[in-house]
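# Structural characterization, general
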Amino acid sequence: MKIVIVGNGVAGVTCAMTARQRDPHAEITIVGGETDYFFSRTALMYSFMDRMTRRDLEPYERKAYAEQRIALLRDWVIDHHADAKTVHLSSGTTLHYDKLVLALGATPNRFGWEGINDVKDGLVHFVSMQDLDACERLTPTTREAIVVGGGLIGIELVESLLHHGVKVTFLIREPYYWPLALGREEGDIVTEQLRAHGVQVRYMEEMKRIEVDAAGRVSGVLTNKGETIPCQMLGICVGVRPSIDRLKAFTDPPQLSRGVVVDETLQSSLPDVFACGDCAEIQPIEGRSYVEMIWYSAKRQGRHVAANLFGDQLRYAPPIFFNSSKFFEVEYTTVGEVMSLPEGTPTLFRKHPTKPLCQRILHNGDRVLGFNMLGSRWNHEILERWIRERRSPAWVVAHLADAQFDVEFGRANLASCIQRELPLAKELAR
Amino acid sequence: MIRRTPAGLFLHDLKNRGLSAWTLSLLLIAFYGILYFGQYYWTPDSPCTDNASCYSEGAVCEAGACVRESQLERGQDWLYRTATVHIDELGWKLGASVDAATRPDGTLARDENKNGVIDNWEHFGNRWTIYGLLYTLGILLGGAWICFKYRHNRYQIIRTGVVMMVQTSFAFSLPILLKFFHKPEYYFSYMWPLKIDYLDPRNFAYYGEGLVLWGFFASLAVVPVMTLLYGKRWYCSWVCGCGGLANTFGEPWRHLSNKSSNAWKFEKVAIYTVMGVAFFSTALWFASAVLPESSSLHAAATGTRKWYGLVVTASLSGAIGTGLYPIGGTRVWCRNFCPMAAFLGIIQKLGRFRIRVKKEMCISCGLCSKYCEMGIDVRSYAQAGLSFTRAACVGCGLCAEVCPRGVLRLENSAKVDPQELSLVSFLDESWKGASSSVPAKI
Ligand SMILES: Cc1cc2nc3c(=O)[nH]c(=O)nc-3n(C[C@H](O)[C@H](O)[C@H](O)COP(=O)(O)OP(=O)(O)OC[C@H]3O[C@@H](n4cnc5c(N)ncnc54)[C@H](O)[C@@H]3O)c2cc1C
Ligand code: SF4
Ligand code: SF4
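Residues numbered from 1 in each chain as written. Chains lettered and ligands numbered in written order. Predicted model: local features only at pLDDT ≥ 70, side-chain atom pairs only at ≥ 80, totals over all residues. Heavy atoms only, no water.

## A few points about the site of ligand 2
Inspection of the region around ligand 2 gives B:I355, B:C372, B:M374, B:I376, B:V378, B:C393, B:V394, B:G395, B:C396, B:G397 and B:C399 as its neighbouring residues. Looking at the shell around ligand 2 residue by residue, the class counts come to nine nonpolar, two polar and no charged. (Near = heavy atom within 4 Å. Nonpolar A, V, L, I, M, F, W, Y, C, P; charged D, E, K, R; others polar.)

Structural data, given as structure tokens:
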């Protein structure tokens, strides 16, 4: 069997490795246009901050691909013929497949800001290896930078720039940091962190126009408050979307919507064509379609597709949601329904009187629905189990210490946190 | 540190195998060369009339000059007693006690010198004492830096505090005091097989029954029990001076350890070879002490003692181990050669210590692998969601510290060990066997 995988991100590579374990004889090829070897996109900031080399970002040793007999091609796939079962690469090569996996990842969003078409240099995103190249090239000539977009990628770019001694202004459209996932109180803790590190954070402020100098390099940004902020570098981190632009030019594209539309077995509208990872839009038989843009989902979907390539017909179901992140020194763990809960959902909010340490337990009076934990480490496996077991808020508070995951001797002092009932306040702009 | 400032550029160079790192490494190796071997080759023969006038150099008077061949003989004893003021050096210094210190058959006797206290001050200027002082300062200054750098992490603060305390007391002050009061110089923070001569029968007379019994008890009871309960970390990153220096002064270079599977293969061959040699040497020494006089056995015992001292103690633990900090990372010795680490590692595999991995939370960023001083590819376990116990792991806790997603936790747990205990798992230790760099579970 000939398996061709497009995209050497985590979804594609996990799919290839799993397929190899399943079938020692399959012919497996991965085509990726961005880098020669799979790297960890999530660690871009650590490379930018000199904590790791580019090579350190690669999760597998290079010889692993040869050992697993997975052929790597550094190229872009630019066309696809469904009847002939071929993909065409920008170098002119044609590959025949029995099964095709699209693991194309995501592309940064850009909106139609005034002046964006005049920009020749100084504008960066923070998603691809080429973005990292641009950031590293521009940083030495940058004294002031502006980062637009108060999400996870934005704050990582801010932290990296600060590390290089750049003065950063952080423009955030919303009234506080990341209302999509955080409550007001958590957002305020992150704001304190940002300000303590010298970031100029401006909430409810949006970019209106990009100004450029004579050479076409970004020189400043006009905001909706009528102020022009000077900068030599502009980071745009306003979310990502599935990378399907190239597919639109294919002779036979699969059905596309937000991403590559797939059913619950992760198969697209075309026979023997699958999709997984950031680019897949999963359309369940009932209910709304969704795109999961996180690392572990890409891995799960990659494994899942590998099984279905061999005819397993497994249906993909996302787990109870969990994720973690780090805002400067403050660690963040979330489990369960937090993102999708409406404003006013009852929560138990517990906060340390002085430290950036808090826990939010979301519930419906009867059982817990989700957790938002800031400032200490938590075992999401246990928190997840409590949600599944429909534990009551009181029971969970009494047993909270069992889910702590801090270092030895370093347990966060939960007893000193002050607890109060607090409805979830999101205060989303518009 | 910002890389574009001159200081930042220099630090970057020093920490990432730049020119300054190579220079520092050469200087350190040269320092160890002089420390261990300098005296024998570089001190000119001085004229003399009798042995007494050569005492201060530790030589004997032959044909009107202090001859160092005999010194070389004795000196190699030194090599294998790292970083200590040797009793016969003390003897030479104190003149009167020289005969008591070295018995005619070459074994060492307890120092029976009863001279005035004033004489004893001399050895404070001795090079081993100065080396000990530098070493201790390295641990104290580096330790203070670590306590500041990781001030949010109590495991690091407590661990580093203990290392600093053990170094200043058991590994520095106490031995000096013991010498000062003419007691055998004993380092309670070191044990066989690291300090291999503590179980060498030829030294038993020098140390006396109490210390010899303690030596047996420490190595054969305290070490295994503590390691079963807490893993080898209780020793390698809480007590031992080699680990102490690596985790404090060595901090800027901890990330340089080689993470490749080839480095791991080398490690397994090298460390168990040294351990085998150490065990074999000890057995040989016992045999030559217990069995009836046999000149070939005696020669073999003396030979292994010399070569062990020269190759393992002086070269591998000193010159290579510390000298290569800026190039190969801080634990070159601990990871590849230390017989104690090998011994503890095997016990650790049977015990309760493990690194717990939270399922599916790892983002494969690789910081844990990068900052593991033992060159363990922690990421390979973390991204596969496998809790693990690696023989090499010294439990420094830095992987858990640097992980930005809080995936890892060091723990002692009586729960079933997630790793199988078979000969294969001892050799390969996990999925990451000789043939594949990819786990069975992805
Ligand atoms: C800065 C940053 C930080 C992040 N941090 C986290 C985090 O902390 N936690 C978390 O859960 N998630 C995080 N994410 C998201 C996570 O990285 C993604 O969900 C994950 O990488 C998706 O993997 P993938 O394999 O689907 O796609 P990708 O990793 O994007 O890989 C797709 C690859 O396919 C290539 N490709 C696309 N089209 C073609 C074509 N036509 N021909 C050839 N090759 C093609 C692309 O160039 C790319 O290399 C982060 C993302 C970024 C950018
Ligand atoms: S695995 Fe972790 S605790 Fe063990 S030696 Fe490496 S960094 Fe230290
Ligand atoms: S540091 Fe943490 S997130 Fe990064 S690879 Fe290691 S375990 Fe995974």
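## Section: the site of ligand 3
All names here are of chain B. Not every one of the 13 residues close to ligand 3 is listed here, only the nearest: C362, C365, G366, C368 and C403. For the shell around ligand 3, the elements supplying multiple residues, two or more each, are helix 18 (367-370) and helix 19 (378-382). Of the residues belonging to the shell around ligand 3, the class tally is ten nonpolar, two polar and one charged. (Helix = DSSP H or I, 4+ residues; strand = E, 2+ residues; numbered from the N terminus.)

## Quick word on the packing of aromatic side chains
Residue and element names in this part refer to chain B. Enumeration according to the criterion identifies 41 aromatic pairs over all chains in this entry. For the ring pair Y186 and Y198, a centre distance of 4.2 Å and an interplane angle of 15 degrees mean the geometry is stacked. Placement of Y186 in the loop between helix 8 (154-180) and helix 9 (204-207) and of Y198 in the loop between helix 8 and helix 9 is noted, with a sequence separation of twelve residues between them. Across this residue pair, the class does not change: Y186 and Y198 are buried. With a centroid separation of 6.1 Å and 50 degrees between ring planes, the pair formed by W214 and F217 is classed as tilted. Taken as a pair, W214 and F217 lie in helix 10 (residues 209-230) at a separation of three residues, close to a single helical turn. By way of ring pairs, the aromatic residues Y186, F188, Y198, Y206, Y207, W214 and F217 are connected into one cluster. Its guanidinium or amino end placed over the ring of W264, R390 lies 3.6 Å from that ring's centre, counting from NZ or CZ. (Phe/Tyr/Trp six-rings, centres within 6.5 Å; stacked < 30°, edge-to-face > 60°. Buried < 20%, exposed > 50% of the residue type's maximum accessible area, 1.4 Å probe, protein only. Lys NZ or Arg CZ within 6 Å of the ring centre and 35° of its normal.)

## Points about the interface of chain A and chain B
Taken together, the contacts link 53 residues of chain A with 52 residues of chain B. Summed over both partners, the interface of chain A with chain B comes to about 4,400 Å²; 45% of that surface belongs to carbon and sulfur atoms. Broken down residue by residue, the surface that chain A buries against chain B is led by A:F405, A:E408 and A:F409, which jointly contribute 16%. For the pair chain A and chain B, the interface holds five salt bridges. Here A:D56 and B:K370 are joined by a salt bridge, their closest N and O atoms 2.6 Å apart. (Contact = heavy atoms within 4.5 Å. Buried area = accessible area lost by both parts, 1.4 Å probe. Salt bridge = Lys/Arg side-chain N within 4 Å of Asp/Glu carboxyl O.)

## Description of helix 1 (residues 10-22) of chain A
All names here are of chain A. Between its first and last C-alpha, helix 1 extends 18 Å over 13 residues, near the 18 Å set by a 1.5 Å rise per residue. By the burial criterion, the buried members of helix 1 are V10, A11, G12, V13, T14, C15, A16, M17, T18, A19 and R20. Here the buried face of helix 1 lies against strand 1 (2-6), strand 2 (27-32), helix 3 (63-67), strand 3 (70-74), strand 7 (99-102) and helix 7 (295-309). (Expected span 1.5 Å × (residues − 1).)

## What to know about the domain arrangement of chain A
Residue and element names in this part refer to chain A. As assigned here, chain A comprises domain 1 (2-106 + 241-309), domain 2 (116-238) and domain 3 (322-421). Once you take the C-alpha centre of each, domain 2 and domain 3 turn out to be 30 Å apart. Opposite the 19 residues of domain 2 that make contact, domain 3 presents 16 residues. Roughly 1,500 Å² of surface becomes buried between domain 2 and domain 3 when both sides are summed, with 70% attributable to carbon and sulfur atoms. (Domains from an automatic or database assignment.)

## Topic: the confidence of the model for chain B
Low pLDDT means the predicted coordinates in that region are not meant to be read closely. All names here are of chain B. Across chain B, the average pLDDT comes to 80, with 73% of residues at 70 or higher. Considering only residues more than four positions removed or in separate chains, one finds that residues 68-123, a stretch of pLDDT under 50, has 134 contacts. When the criterion is pLDDT under 50, residues 430-436 qualifies, and its contacts beyond four places in sequence or with other chains add up to 24 contacts. (pLDDT = per-residue confidence, 0-100.)

## A closer look at the pattern of salt bridges
All names here are of chain A. Applying the stated criterion across every chain yields a total of 42 salt bridges over all chains. For R360, the salt bridge is made with E186, and the minimal N-O distance between the two is 2.7 Å. Residue R360 is found in strand 24 (residues 358-363), and its partner E186 is found in helix 6 (residues 184-196); the two are separated by 174 residues along the sequence. A salt bridge links E211 to R209; the nearest nitrogen and oxygen atoms lie 3.0 Å apart.

## Some thoughts on the pairing of strand 5 (residues 86-89) of chain A
Residues and elements named next belong to chain A. Here strand 5 shows a buried face lined by T86 and H88 and a second buried face lined by V87 and L89. Taken together, the four bridges between strand 4 (residues 77-81) and strand 5 define a ladder with antiparallel strand orientation. Note that in strand 5 the partner of H80 across the bridge is V87. Joining the antiparallel neighbours strand 4 and strand 5 is a turn of four residues, in which K85 adopts a positive phi near 55 degrees. Bridge count between strand 5 and strand 6 (residues 94-96): three bridges; the pairing is antiparallel. By the bridge assignment, H88 is partnered in strand 6 with T94. Counted along the chain from strand 5 to the antiparallel partner strand 6, the turn is four residues long, and its residue G92 has a positive phi close to 105 degrees. (Pairing = 2+ DSSP bridges.)

## Overview of the packing of helix 13 (residues 261-290) of chain B against helix 14 (residues 295-323) of chain B
All names here are of chain B. Running from N to C, helix 13 and helix 14 point in directions that differ by 145 degrees, and their axes come no closer than 9 Å. For the element pair helix 13 and helix 14, the recorded crossing hand is left-handed. Between helix 13 and helix 14, the contacting residues are V274, V277, A278, S281, L284, W285, A287 and S288 on the first element and L297, H298, A300, A301, T304, R305, Y308 and V312 on the second. Here the contact of helix 13 with helix 14 is built from residues that sort into eleven nonpolar, four polar and one charged. (Axes fitted to C-alpha atoms, helices over the stretch in contact; angles between N-to-C directions. Left-handed = near helix turned anticlockwise from the far one by under 90°.)

## Here's the deal with the sheet that holds strand 3 of chain A
Residues and elements named next belong to chain A. Strands sit in the order 3-2-1-7-19 across an open sheet of five strands; the sheet is parallel. Of all strands in the sheet, those with a lone pairing partner are strand 3 and strand 19 (273-275), marking the two edges. The mean angle between the axes of side-by-side strands here comes to 20 degrees, regardless of whether they run parallel or antiparallel. Direction of pairing for strand 1 relative to strand 7: parallel, over a ladder of four bridges. When the sheet's bridge partners are listed, I5 is paired in strand 7 with V101. Helix 7 rests against strand 1, strand 7 and strand 19 of the sheet, and its axis sits at about 160 degrees to strand 19.

## Remarks on the sheet that holds strand 16 (residues 233-236) of chain A
All names here are of chain A. The strand order 9-16-10-11-12 describes an open sheet built from five strands, whose pairing is parallel. Sheet topology places strand 9 (123-124) and strand 12 (200-203) at the edges, where each strand pairs with a single neighbour. Where strand 11 (residues 167-172) lies against strand 12, four bridges are found, and the strand directions are parallel. Of the residues in strand 12, the one forming a bridge with F170 is V201. Packed on one face of the sheet, helix 6 meets strand 11 and strand 12 and runs near 145 degrees to strand 12.

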